[in-house]
Amino acid sequence: MMTTSGMLIVAEHNGGNLNQSTARCVTCATSIAGARIDVLVLGHECSTVAAQAAALFGVHRVLTVDRPENAAPLAAVLAPQVAELAAGYGYILGPSTTFGKDLMPRVAALLGVGQISDLMAIVGPRAFQRPVYAGNVIVTVEVPEGLKIVATVRTASFKPTPDGGTAEITQARVDAALPSHTSFVELRAGGGGARPDLQTARIVFSGGRGVGSEGNFALLYALADRLGVAVGASRAAVDAGFVPNDMQIGQTGKIIAPDLYIAFGISGAIQHLTGIKDAGLIVAVNKDAEAPIFQVADVGLVADLFQIIPELEKKLG
Ligand SMILES: Cc1cc2nc3c(=O)[nH]c(=O)nc-3n(C[C@H](O)[C@H](O)[C@H](O)COP(=O)(O)OP(=O)(O)OC[C@H]3O[C@@H](n4cnc5c(N)ncnc54)[C@H](O)[C@@H]3O)c2cc1C
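These numbers were taken from a predicted model, which means no experiment stands behind them.

(A) Spotlight on the site of the ligand. Inspection of the region around the ligand gives 25 residues, with Arg-209, Ser-234, Thr-252, Ser-267 and Asn-286 positioned closest. Here an oxygen atom of the ligand and a side-chain polar atom of Gln-248 are 2.9 Å apart. Contact distances for the ligand include 2.9 Å between an oxygen atom and a side-chain N or O atom of His-272. When the ligand is considered free in solution it has 990 Å² of accessible area, and contact with the protein chains removes 76% of it. Taking a 2 Å distance to the grid points as the criterion, the majority of the atoms of the ligand fall inside the second largest pocket. Only α6 (235-239), α7 (270-273) and α9 (305-316) provide two or more residues apiece to the shell around the ligand.

(B) Just unusual backbone geometry, in detail. For Glu-45, which is not glycine, the phi torsion reads 50° and is therefore positive. Given a relative accessible area of 62%, Glu-45 falls into the exposed group. Its identity is not glycine, yet Asp-118 carries a phi of approximately 60°, on the positive side. Within the fold, Asp-118 resides in strand β5 (residues 115-119).

(C) How the structure looks around empty space enclosed by the protein. This structure, assessed with the given rule, holds two cavities of 30 Å³ or more. Here the largest cavity defines a volume of roughly 50 Å³. Every residue lining the largest cavity is listed: Arg-24, Thr-155, Ala-156, Leu-198, Gln-199, Thr-200, Ala-201, Ile-255, Ile-256, Ala-257 and Pro-258. The calculated volume of the second largest cavity comes to roughly 30 Å³. Along its surface, the second largest cavity is lined by Asn-19, Ser-21, Arg-24, Thr-97, Thr-155, Asp-197, Gln-199 and Thr-200. Of the residues belonging to the lining of the second largest cavity, the class tally is no nonpolar, six polar and two charged.

Calculation notes
Each chain has its residues counted from 1, running along the sequence as written. Thresholds applied to this predicted model are a pLDDT of at least 70 for local features of residues and 80 or more for the giving and counting of side-chain atom pairs; totals over whole chains, interfaces and linings are not thresholded and use all residues. Water and hydrogen atoms were dropped before computing side-chain values, which therefore reflect all heavy atoms in the structure. Summary of the distance rule: residues count as near a molecule or strand when at least one heavy atom falls within 4 Å of that molecule or strand. We define a polar contact as two N or O atoms separated by no more than 3.5 Å, with the added condition that, inside protein, one atom must be a possible hydrogen donor and the other a possible acceptor, whereas residues neighbouring each other in sequence contribute only through side-chain atom pairs. In this description, accessible areas are obtained by the Shrake-Rupley approach with a 1.4 Å probe, and a residue is regarded as covered only by the protein chains that are shown. Lining residues are those with an atom within 4 Å of a point, where the points come from a 1 Å grid over the protein atoms alone and group into cavities, where a 1.4 Å probe fits but cannot get out, or pockets, open sets with protein on both sides within 12 Å along at least five of seven lines. Those molecules having more than half of their atoms within 2 Å of a cavity or pocket grid point set are described as sitting in that cavity or pocket. Under the DSSP-based scheme used, a helix requires at least four consecutive residues in state H or I and a strand at least two consecutive residues in state E, with every element numbered from the N terminus. Any residue under 20% of the maximum accessible area for its type is buried, any over 50% is exposed, and the rest in between are partly exposed; the area is computed with a 1.4 Å probe on protein chains only. Grid points are joined across faces, edges and corners, and a volume is the space filled by probe spheres set on the points. Residue polarity is assigned by list, with Asp, Glu, Lys and Arg as charged and Ala, Val, Leu, Ile, Met, Phe, Trp, Tyr, Cys and Pro as nonpolar; anything else, Gly included, falls into the polar class.

Written out as structure tokens, the structure reads:
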């Protein structure tokens, strides 16, 4: 039976650890009064992830579907399982990350409803705010009674819920037929190597067209790696082939909310700024004093990045 307040959050994880986006979804879900929040962990040998989900404050129960087919997070394989388990819930939420943006529209389609994308605030039990036009306009959308609510949560808009929960962990049974047209082949490491995940990193350095070349990005990587911070880029840097596109920040890239964001050689186009709207302290290094990024930066340095980066390196000793 569908309960209006039952919420199912699909956990994002890498098989060994829960992604922080899940804790942010839980915070979003707790804004709905009386919500009973369950977290669904689809994986293989995923007991550590399930335990991490159970420890999140506000979680009532963790459901796991532990099977070899779930070892890789393939949206086509996970979606029918989520859709089947959605039967007892009024809300099915996932993070608005690459994982969630791939999975949740399939879940919505299987359930025959539209998806609410990038949910950024709860206005009422069935009314939500979401950004449109690159975040220039915030709209309130309302889901009619009787329809399941399937949504992706704009993780930058919610702080992660703290630990402190003691939810029970239950194995869920799923009978849904899995597709045979899609299977896992291999996973190749992206350009980021061991650097922190852009969408959960506390500090992000970012480079734009001003960095000038793929080779010059090595300067930024070296500085970032000394400090253990994540590296992102503008779309111009991606389009120019300086960096892979999983590093892109902005409207058509990743939306991030680090405590500190330092932009090197980025002009501050609106499509880029929409990706850093929720950043804490924004620092911009740009040699053009008129660059629009200085209008949003908390600290602006009108300077040549090729002088500033070596100086920062030197200061670090
Ligand atoms: C539909 C749509 C979606 C888009 N989505 C995104 C998105 O998701 N993310 C995104 O970033 N963009 C996006 N864009 C593109 C966006 O409009 C800009 O073109 C892009 O952000 C510009 O990137 P940039 O700031 O690196 O380059 P530029 O605008 O060319 O700026 C480069 C800056 O580097 C400075 N500079 C040059 N040399 C140096 C130096 N030596 N030291 C210091 N500063 C220097 C220059 O003064 C300049 O301000 C989108 C555009 C459209 C139309």
